[in-house]
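Per-entry structural report
The lines below spell out each chain.
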Amino acid sequence: MLARTHDLAAITALALVAATQAVPQMTLSTLIAVLLANQIGGIAPDIDQPTAPFWRNLPVGHVLGRFAGKLLGGHRFLSHSLLGVALFAFLTKLFLEFFQPLFPHVDSQLVWYAFIIGILSHLVMDTITKEGVPWLLPIPIKFGVPPLRSLRITTGSWREVWLVLPLLLVIDLWLLNMHYTSILSYLHHLQR
Ligand SMILES: [Zn+2]
């Protein structure tokens, strides 16, 4: 999947969770951190790919990317599995707990959830691509939906750009439309 599909999928997943759960009150700083963490989570599994946008934006990114790719076992391996999600979750938890004292107005627990939702959305989206996702590593089987590979999507193909992306956008607009007044009132009552 393209980075922009992952970006949109991450925010859609977050919106779906927010629409179906009681969203706790939070500060504006938490909301910003939540959105940022969700977007980072949405592309994080592709750190195993030297050409990923994640690395492209860094000066020596492609070198680091190649190193990360080797370390993670190549593209669509460890970082694209539940084991990888657990590893990401563990490391980000440590990271957030370490920096929490510097950001007392940020609820790091919510930031952490948003990051994990982003990662899971990435794996779900990659599951509908031809390559599939090795969800159950170390069992080395790549799963895909639909199971028939030829029905799945090729990254960057017209089906991704003209079907998947618009569909995600429609879901977001539909959610926005359904919850418009409660979103406004929620934003209005954000803690400072
Ligand atoms: Zn991926």
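Source: prediction; values computed, not measured. Each residue is numbered by its place in its chain's sequence as written, counting from 1. For a predicted model such as this one, the threshold for reporting local features is a pLDDT of at least 70, and the threshold for listing and counting side-chain atom pairs is 80 or more; totals across whole chains, interfaces and linings nevertheless cover every residue.

1. Focus on the packing of helix α1 (residues 3-20) against helix α2 (residues 28-43)
Geometrically, a packed helix pair is captured by the angle between its two axes and the distance between the axes. Short version of the rule: Angular values range over 0 to 180 degrees, each being the angle between N-to-C directions of two axes fitted as lines to C-alpha atoms, with helices fitted over their stretch in contact. Comment: elements are numbered from the N terminus, with helices defined as DSSP H or I runs of at least four residues and strands as E runs of at least two. We call two directions roughly parallel when the angle between them is under 35 degrees, roughly antiparallel when it is over 145, roughly perpendicular when it lies between 65 and 115, and oblique otherwise. What makes a crossing left-handed is the near helix being turned counterclockwise from the far one by less than a right angle; a clockwise turn instead makes it right-handed. By definition, residue pairs are in contact when their C-beta atoms, positioned from the backbone, come within 7 Å. Three residue categories are used. Nonpolar comprises Ala, Val, Leu, Ile, Met, Phe, Trp, Tyr, Cys and Pro, charged comprises Asp, Glu, Lys and Arg, and polar comprises the others, including Gly.
With their axes 8 Å apart at the nearest point, α1 and α2 run at an angle of 130 degrees to one another. Compared by their axis directions, α1 and α2 come out oblique. Between α1 and α2 lies a crossing of right-handed hand. Touching A3, H6, D7, A9, A10, I11 and L14 of α1 are N38, Q39, G41, G42 and I43, all from α2. Tallied by class, the residues present in the contact of α1 with α2 amount to six nonpolar, five polar and one charged.

2. Points about the environment of V111
Mapped onto the elements, V111 comes out in helix α6 (residues 108-127). Those residues within four positions of V111 in sequence are excluded, and the remaining contacts are T30, A33, V34, A37, L96 and V106.

3. Some points on the nonpolar core
Rules: Remark: nonpolar core denotes a set of buried Ala, Val, Leu, Ile, Met, Phe, Trp, Tyr and Cys residues whose joining runs through C-beta atoms within 7 Å. As a rule, residues whose C-beta atom has 12 or fewer other C-beta atoms within 10 Å are exposed, those with 20 or more are buried, and those in between are partly exposed; C-beta atoms are placed from the backbone.
Counting residues in each nonpolar core, the largest one holds 28 residues, and the members touching the most others are A9, L14, A37, V111, A114, F115 and I119. Mapped onto this core, the elements with two or more residues apiece are α1, α2, α5 (82-99), α6 and α7 (158-178). Examining the composition of this core, we find that eight residues originate from one element, α6, more than from any other. Beyond its immediate chain neighbours, meaning those up to four positions away, A9 contacts G42, S121, M125 and L168.

4. Re unusual backbone geometry
For the peptide bond that leads from L137 to P138, omega is 10 degrees, which places it in the cis range. One can find P138 in the loop between α6 and α7. The amide bond that connects V145 to the next residue, P146, takes the cis arrangement and shows omega of -5 degrees. Note that P146 resides in the loop between α6 and α7.

5. As for α1
We count it as follows: Helix span, expected: 1.5 Å multiplied by one less than the number of residues in the helix.
Look at α1: 26 Å from first C-alpha to last across 18 residues, which is about the 26 Å you get at 1.5 Å a residue. For α1, the complete set of buried residues consists of T5, H6, L8, A9, A10, I11, T12, A13, L14 and A15. Where α1 is buried, its residues contact α2, α6 and α7.

6. Quick word on the packing of α5 against α6
Where α5 contacts α6, the two axes come as close as 10 Å, and the packing angle between them is 155 degrees. One finds that α5 runs roughly antiparallel with respect to α6. You can see that α5 and α6 cross each other, and the crossing is right-handed. Along the contact surface, α5 presents V85, F88, A89, T92, K93, L96 and E97, while α6 presents S108, V111, W112, F115, I116, I119 and L120. When the residues that make up the contact of α5 with α6 are grouped by side-chain class, the tally is ten nonpolar, two polar and two charged.

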